[in-house]
Amino acid sequence: MVTAKEPFSGQAPPELLASIREIARAEGQDFGAVLEDAIRLYVECKSSNDVQPDAVAHFRHSLERNRKLMGLLAQGEKRK
């Protein structure tokens, strides 16, 4: 199935466009396909309110690992 495409125009810094062209060349794709992928990833990232699961796991691990330290710091704050 072919997806309809709508042309648009815009401006971007030359070095950003050069990077997209280089990625396209290295991956054997055309500029438009790489640009479309980049836009799609940007929209997905901005549309998602979910925190990455590995970030949450790292945070929980850090809390567990530092629980004693946090308790000591809290006690010090109470004494002030």
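Residues numbered from 1 in each chain as written. Predicted model: local features only at pLDDT ≥ 70, side-chain atom pairs only at ≥ 80, totals over all residues. Heavy atoms only, no water.

## As for the pattern of salt bridges
Thought 1: Overall, the coordinates contain 5 salt bridges when judged by the stated rule.
Thought 2: E36 is paired through a salt bridge with K5; the nearest N and O atoms lie 2.5 Å apart. With E36 in helix α2 (residues 31-47) and K5 in the segment before α1 (14-27), this pair connects stretches of sequence that are 31 residues apart.
Thought 3: When the shortest N-O distance is used, the salt bridge between E22 and R25 registers 2.5 Å. Within this pair, E22 and its partner R25 are both found in helix α1, separated by 3 residues, close to a single helical turn.
Thought 4: Shared partners join several salt bridges into a network, and the residues in it are K5, E36, D37 and R40. (Salt bridge = Lys/Arg side-chain N within 4 Å of Asp/Glu carboxyl O. Helix = DSSP H or I, 4+ residues; strand = E, 2+ residues; numbered from the N terminus.)

## Things to note about the layout of surface pockets
Thought 1: Approximately 250 Å³ is the volume found for the largest pocket.
Thought 2: What lines the largest pocket is simply T3, A4, K5, E6, P7, F8, G32, A33, L35, E36, I39 and R40.
Thought 3: Tallied by class, the residues present in the lining of the largest pocket amount to 6 nonpolar, 2 polar and 4 charged.
Thought 4: Looking at the second largest pocket, the residues that line it are F8, S9, G10, Q11, A12, L16, L17, I20, F31 and L35.
Thought 5: Looking at the lining of the second largest pocket, the elements with two or more residues in it are α1 and α2.
Thought 6: Take the lining of the second largest pocket: its biggest share by element is 3 residues, from α1.
Thought 7: Residues that form the lining of the second largest pocket fall into these classes: 7 nonpolar, 3 polar and no charged. (1 Å grid on protein atoms, 1.4 Å probe; cavity = no way out; pocket = protein on both sides within 12 Å on 5 of 7 lines; lining within 4 Å. Points joined across faces, edges and corners; volume = space filled by probe spheres on them. Nonpolar A, V, L, I, M, F, W, Y, C, P; charged D, E, K, R; others polar.)

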